[in-house]
2 protein chains.
Amino acid sequence: MSLDPAPLLAVAREEALLGKSEGGVPIGAALFTVDGELLGRGHNRRVQDDDPSMHAETAAFRNAGRRPHYRDTVMVTTLSPCWYCSGLVRQFAIPHVIIGEARTFSGGHDWLAVNGTGITVVDDPECVALMEEFIAARPELWFEDIGTSE
Amino acid sequence: MSLDPAPLLAVAREEALLGKSEGGVPIGAALFTVDGELLGRGHNRRVQDDDPSMHAETAAFRNAGRRPHYRDTVMVTTLSPCWYCSGLVRQFAIPHVIIGEARTFSGGHDWLAVNGTGITVVDDPECVALMEEFIAARPELWFEDIGTSE
């Protein structure tokens, strides 16, 4: 993939910060074309909409609307995608995922890589700090968001 | 799992038929407790809501609302769950999935089984007929729904 990850990740990070400002889980994502055109952006809306299905990647995918296929797209997310969001990427054959960080949580990105998805882990300090602060402040909300109660 | 799959699958099938009557992708699902209490039910809403993320299992999960964990739940779906919906089951550690049929489409249920999810495939002729009829009538919509354009 020839796209510079930085400006794409900046959009996902803006979404994460918006989620934080709303009192939600601070994870953001966006779907772009491989040419850098923004198709959809979104953030986790568990708290805001009382919706456990609205992880950031799903929100971005949803906001991009219906498409016949995703062969020309790139998903960018501030955090390693959980199994749910990794399954989204695999099912819709999104060819590349840019990940802000995978230190505070590691989902299915290695599984995606093995199955042919291009993976770029930026290891962005701002994304790490955002999650570390959130997990320390709201552990029960974080564990709820990833389906573990402790 | 000691629950009889038949009445649970009947609820998912009702949802699929509702989706069909709305002109949508005829796949339905429901989330129950292991004691048979209905938590949420839903059907694919790609067409109805122009929402590519609203697969049946996600719709049922969403309609069940926020929960601290899913250790005591069973997902029932008319069709083998795609990777997206299989990822949902794995991430939220839903311990059992009842599947109407896996003839017309086989998603991630073998992967779930290998990773510890209990899987019951009913092989229900009504579920098979519903999908066969739909795929023959609306192939382009079906391929869009599973992220392949041919």
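Going by the structure above, here's the rest.
Quick caveat: nothing in here was measured; it's all calculated off a predicted structure. (Residues numbered from 1 in each chain as written. Chains lettered and ligands numbered in written order. Predicted model: local features only at pLDDT ≥ 70, side-chain atom pairs only at ≥ 80, totals over all residues. Heavy atoms only, no water.)

1. Comments concerning the overall build of chain A
Counting its regular elements, chain A contains seven helices and five strands. Counting from the amino terminus, chain A carries its helices and strands in the arrangement α-β-β-α-α-β-α-β-α-β-α-α. Relative to the compact-globule value of 15 Å for 150 residues, chain A shows a C-alpha radius of gyration of 14 Å, a close match. Taking all 150 residues of chain A together, 59% fall into the buried category. Across chain A, the fraction of contacts at a sequence separation of at least 24, relative to all contacts at a separation of at least 6, is 56%. Summing over all exposed atoms, chain A offers an accessible surface of approximately 5,700 Å²; the carbon and sulfur share of this is 51%. Positive and negative side-chain charges of chain A, numbering 12 and 22 respectively, have mean locations separated by a distance of 6 Å. (Helix = DSSP H or I, 4+ residues; strand = E, 2+ residues; numbered from the N terminus. Rg over C-alpha atoms; globule rule 2.2 N^0.38 Å. Buried < 20%, exposed > 50% of the residue type's maximum accessible area, 1.4 Å probe, protein only. Contact = heavy atoms within 4.5 Å. Areas by Shrake-Rupley, 256 points an atom, 1.4 Å probe, with all protein chains shown as cover. Lys, Arg positive; Asp, Glu negative; His and termini not counted. Charge placed at Lys NZ, Arg CZ, Asp CG, Glu CD.)

2. Digging into helix α1 (residues 5–21) of chain B
Residue and element names in this part refer to chain B. An ideal rise of 1.5 Å per residue puts 24 Å on 17 residues; α1 measures up with 24 Å between its terminal C-alpha atoms. Those residues of α1 not exposed but buried are Leu8, Leu9, Val11, Ala12, Arg13, Glu15, Ala16 and Gly19. On the buried face of α1, the contacting elements are β1 (28–33), β2 (38–43), α2 (46–49), β3 (73–79), β4 (96–101) and α6 (125–137). Measuring from the side-chain oxygen of the N-cap residue of α1 to the backbone nitrogen of Ala6 gives 3.1 Å; that N-cap residue is Asp4. Where α1 ends, the next residue or the one after it, Gly23, has phi of about 85°, a positive value. (Expected span 1.5 Å × (residues − 1). Polar contact = N/O pair within 3.5 Å; in protein donor to acceptor, adjacent residues only side chain to side chain.)

3. Here we look at the relation of the copies chain A and chain B
When chain A is brought onto chain B, the operation consists of a screw motion whose angular component is 180° and whose axial shift is 0.0 Å, with 0.0 Å RMSD remaining. Seen this way, the second copy is the image of the first under a two-fold rotation axis. Taking the C-alpha atom as reference, chain A places Gly87 of chain A closest to the rotation axis, 2.4 Å from it. Take the interface residues of chain A: 100% of them recur as interface residues in chain B, which is what a same-surface contact looks like. (Least-squares fit on C-alpha atoms with pLDDT ≥ 70 in both.)

4. Details of the environment of Thr58 of chain A
Secondary-structure assignment places Thr58 of chain A in helix α3 (residues 56–63). Every residue in contact with Thr58 of chain A, bar those within four places of it in the chain, is listed here: Ser53, Tyr84, Cys85 and Leu88 of chain A together with Ser53 and Tyr84 of chain B.

5. Details of the sheet that holds β1 of chain B
Two strands in a sheet stick together by hydrogen bonds in their backbones, pointing the same way (parallel) or opposite ways (antiparallel). Residue and element names in this part refer to chain B. As summarised here, the arrangement of the five strands in space is β2-β1-β3-β4-β5, forming an open sheet in which the pairing is mixed. Looking at the sheet topology across the chains shown, the edges are occupied by β2 and β5 (118–121). On average, each strand axis in the sheet is inclined to that of its neighbour by 15°, with strand direction left out of account. Direction of pairing for β1 relative to β3: antiparallel, over a ladder of five bridges. Pairing of Leu31 across the sheet is with Met75, part of β3. The sheet contacts of helix α3 (residues 56–63) involve β1, β2 and β3, and relative to β2 the element is tilted by about 140°. Of the strands in this sheet, β3 and β4 touch α6, which is tilted by about 65° from β4. (Pairing = 2+ DSSP bridges. Axes fitted to C-alpha atoms, helices over the stretch in contact; angles between N-to-C directions.)

6. Looking at the interface of chain A and chain B
On the side of chain B, 36 residues touch chain A, which itself brings 36 residues to the contact. For the pair chain A and chain B, the summed buried area comes to about 3,100 Å², and 55% of that belongs to carbon and sulfur atoms. Considering only the side of chain A, the residues that lose the most area to chain B are Arg66, Tyr84 and Gln91 of chain A, jointly responsible for 25% of the buried surface there. Inspection of the region where chain A meets chain B yields six salt bridges. As a salt-bridge pair, Glu144 of chain A and Arg66 of chain B come within 2.7 Å of each other at their nearest N and O atoms. Those elements giving two or more residues to the side of chain A that touches chain B turn out to be α2 (46–49), α3, α4 (83–91) and α7 (139–145) of chain A. Looking at which element gives the most residues to the side of chain A that touches chain B, the answer is α4 of chain A, with six residues. In terms of residue class, the side of chain A that touches chain B is built from 15 nonpolar, 10 polar and 11 charged. (Buried area = accessible area lost by both parts, 1.4 Å probe. Salt bridge = Lys/Arg side-chain N within 4 Å of Asp/Glu carboxyl O. Nonpolar A, V, L, I, M, F, W, Y, C, P; charged D, E, K, R; others polar.)

7. Concerning the packing of aromatic side chains
Two aromatic rings, taken as a pair, are described by how far apart their centres are and by the angle between their planes. Across all of its chains, the model carries 18 aromatic pairs over all chains by this definition. Residues Tyr70 of chain A and Phe92 of chain A carry aromatic rings whose centres are separated by 5.6 Å and whose planes lie at 70° to one another, so their mutual orientation is edge-to-face. Residue Tyr70 of chain A is found in the loop between α3 and β3 (73–79), and its partner Phe92 of chain A is found in the loop between α4 and β4 (96–101); the two are separated by 22 residues along the sequence. We classify Tyr70 of chain A as buried; its relative accessible area is 1%. In textbook terms, an aromatic cluster arises when at least three aromatic residues are bridged by ring pairs, as seen for Phe61, Tyr70, Tyr84 and Phe92 of chain A together with Phe61, Tyr70, Tyr84 and Phe92 of chain B. Over the ring of Trp83 of chain B we find Arg90 of chain A; its NZ or CZ atom is 3.9 Å from the centre of that ring. (Phe/Tyr/Trp six-rings, centres within 6.5 Å; stacked < 30°, edge-to-face > 60°. Lys NZ or Arg CZ within 6 Å of the ring centre and 35° of its normal.)

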